[in-house]
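# Structural features, examined
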Amino acid sequence: MDVDLPGLGTLINVGAIVVGSLLGMAVGHRLPQRTHAVVTDILGLVTLLVAALSAMAVTDSAFVAATGSGAPVLIVLGSLLIGGIAGSLLRIETRLEALAGIIQGWLARRSRSTRGSRRPAPDADTGNDADTGNDADTGNDDDHTARERFIEGWLTASLLFCVGPLAILGSLSDGLGRGIDQLLLKSVLDGFAALAFASSFGIGVLLSAVSVGVVQGLVTLAGVLLGSVLPDAHIAALTATGGLMLVGIGLRLLHIKQIPVGDLLPALIVAPLLTQLVIVLR
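Right, let's walk through the structure included here. Since we're looking at a predicted model, the values are computed, not measured.

What counts and what doesn't
Residues numbered from 1 in each chain as written. Predicted model: local features only at pLDDT ≥ 70, side-chain atom pairs only at ≥ 80, totals over all residues. Heavy atoms only, no water. Helix = DSSP H or I, 4+ residues; strand = E, 2+ residues; numbered from the N terminus. Buried < 20%, exposed > 50% of the residue type's maximum accessible area, 1.4 Å probe, protein only. Contact = heavy atoms within 4.5 Å. Areas by Shrake-Rupley, 256 points an atom, 1.4 Å probe, with all protein chains shown as cover. Salt bridge = Lys/Arg side-chain N within 4 Å of Asp/Glu carboxyl O. Core = buried A, V, L, I, M, F, W, Y, C linked by side-chain atoms within 4.5 Å. Expected span 1.5 Å × (residues − 1). Patch = residues over 30% accessible without salt bridge, like charges linked within 9 Å, V, L, I, M, F, W, Y side chains within 5 Å. Axes fitted to C-alpha atoms, helices over the stretch in contact; angles between N-to-C directions. Parallel < 35°, antiparallel > 145°, perpendicular 65-115°, else oblique. Left-handed = near helix turned anticlockwise from the far one by under 90°. Nonpolar A, V, L, I, M, F, W, Y, C, P; charged D, E, K, R; others polar.

Once that is clear, we can look at the overall build of the protein chain. When helices and strands are tallied, the protein chain shows 11 helices and 0 strands. Listed by position from the N terminus, the elements making up the protein chain come as α-α-α-α-α-α-α-α-α-α-α. Split into buried and exposed, the 282 residues of the protein chain put 43% on the buried side. Put simply, 86% of the contacts in the protein chain that link residues at least 6 apart link residues at least 24 apart. Summed over its atoms, the accessible surface of the protein chain is roughly 15,100 Å², and 66% of this surface lies on carbon and sulfur atoms.

Printed below as a string of structure tokens:
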């Protein structure tokens, strides 16, 4: 589909995620806990499948031809090491958790205030609504659990929707005026994925639409301003590195290993830069 409006593909993608997330949140509370657990496990397995497909970009012919037969794996390794060390020193995971906690807390306060405005006023004579103080610890535990759930949904959905060949290539194609077919396909996939994610993780998945809008919007803008921003080899390096990060997300969803994927985010910037360095030195 040829469209002369750059960014339309990303807008459709964001809309699909919003609709899918709202539908997921609408039906999610009606599902029993065991169903939520099954859905989360399925998402973990599917995330590993997507991760494997993305990581296979390490064998991309353009990537191998540009850097040499043994370099792609080393580039991905170096990108993750450099990016992970930088992210750990910058405490990206901690900062993301703090930011997500602020947003989740604000939403929780608004939700409580809305519920409180609908409750009848307490009986002044009986004082039945006096605070006993027994719910403080339980409330803290609930807030911590809700915050972790919010962070998992936001980070997982954002990485899954933003990292991958369709996100990069589709946005570049949109910016270069080559059509939005790839982003239309991605929108359908992301919409169904958002429905499944939101049924387990709630509003954090909805806010991942903002991440998608920013990331894909910037890539589309780069395509408009600079033409072909990244050669095929650089895109393959980015995709393969993102694929291994998705493995970390899958392991987190399956409760196998809590890998600090947030600290690995700088690797997405290091990968194309390191690829260019290898090409220049070669």
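So, about the pattern of salt bridges. If you walk through the whole model with that rule in mind, you get 2 salt bridges. Close ionic contact of Arg252 with Glu93 constitutes a salt bridge, the shortest N to O distance being 3.2 Å. Here Glu93 lies in helix 5 (residues 92-118) and Arg252 lies in helix 10 (residues 232-253), a separation of 159 residues in the sequence. Between Asp190 and Lys186 there is a salt bridge, with the nearest N and O atoms lying 2.6 Å from each other. Within this pair, Asp190 and its partner Lys186 are both found in helix 8 (residues 181-201), separated by 4 residues, close to a single helical turn. A single burial state applies to Asp190 and to Lys186, both of which are buried.

This part covers the nonpolar core. Leu159, Phe161, Phe197, Val205 and Met245 are the most contacted members of the largest nonpolar core, which totals 46 residues. At 10 residues, the largest contribution of residues to this core is made by helix 10. Contact partners of Met245, with chain neighbours within four places excluded, come to Leu80, Leu159, Val261, Leu264, Leu265 and Leu268.

This part is about unusual backbone geometry. Phi is positive for Arg91, close to 55°, though the residue is something other than glycine. Within the secondary structure, Arg91 is located in the loop between helix 4 (71-90) and helix 5. By relative accessible area, which is 46% here, Arg91 ends up partly exposed. Unlike most non-glycine residues, His255 shows phi in positive territory, near 60°.

Looking now at the environment of Thr241. Structurally, the position occupied by Thr241 is in helix 10. Taking relative accessible area as the criterion, Thr241 reaches 0% and is therefore assigned buried. Measuring from C-alpha to C-alpha, the distance between Thr241 and Val73 comes to 9.4 Å, with 168 residues separating the pair along the chain. Each residue touching Thr241, except ones within four places of it in the same chain, is listed here: Val76, Ser79, Leu80, Ala267 and Ala271.

We now examine helix 8. Given 3.6 residues per helical turn, the α-helix brings residues three or four places apart onto the same face. Between the first and last C-alpha of helix 8 there are 29 Å, a value that for 21 residues agrees with the 30 Å anticipated at 1.5 Å per step. Gly202 occupies a position one or two residues after helix 8 and carries a positive phi of about 75°.

Turning to a nonpolar patch on the surface, a few remarks are in order. A surface patch of nonpolar side chains, amounting to about 630 Å² of accessible area, comprises Val210, Val214, Val215, Leu218, Leu221, Val224 and Leu225. Assignment of secondary structure puts Leu218 in helix 9 (residues 203-226).

Here we take up the packing of helix 4 against helix 10. One can describe the packing of helix 4 onto helix 10 by two numbers: an axis separation of 10 Å at closest approach and a directional angle of 60°. Of the possible angle classes, the one that applies to helix 4 and helix 10 is oblique. As helix 4 runs across helix 10, the sense of the crossing is right-handed. Each of Ile75, Val76, Ser79 and Leu80 in helix 4 lies in contact with helix 10, whose residues at this interface are Ala237, Ala240, Thr241, Leu244 and Met245. In terms of residue class, the contact of helix 4 with helix 10 is made up of 7 nonpolar, 2 polar and no charged.

In this section: the packing of helix 2 (residues 33-55) against helix 10. In the contact formed by helix 2 and helix 10, the axes pass within 8 Å of each other and the chain directions differ by 160°. Taken together, the axes of helix 2 and helix 10 are roughly antiparallel relative to one another. Classified by chirality, the crossing of helix 10 by helix 2 is left-handed. On helix 10, the residues that touch Thr40, Asp41, Leu43, Gly44, Thr47, Leu48, Val50, Ala51, Ser54 and Ala55 of helix 2 are Thr239, Ala240, Gly243, Leu244, Leu246, Val247, Ile249, Gly250, Leu251 and Leu253. Of the residues in the contact of helix 2 with helix 10, the class split is 12 nonpolar, 7 polar and 1 charged.

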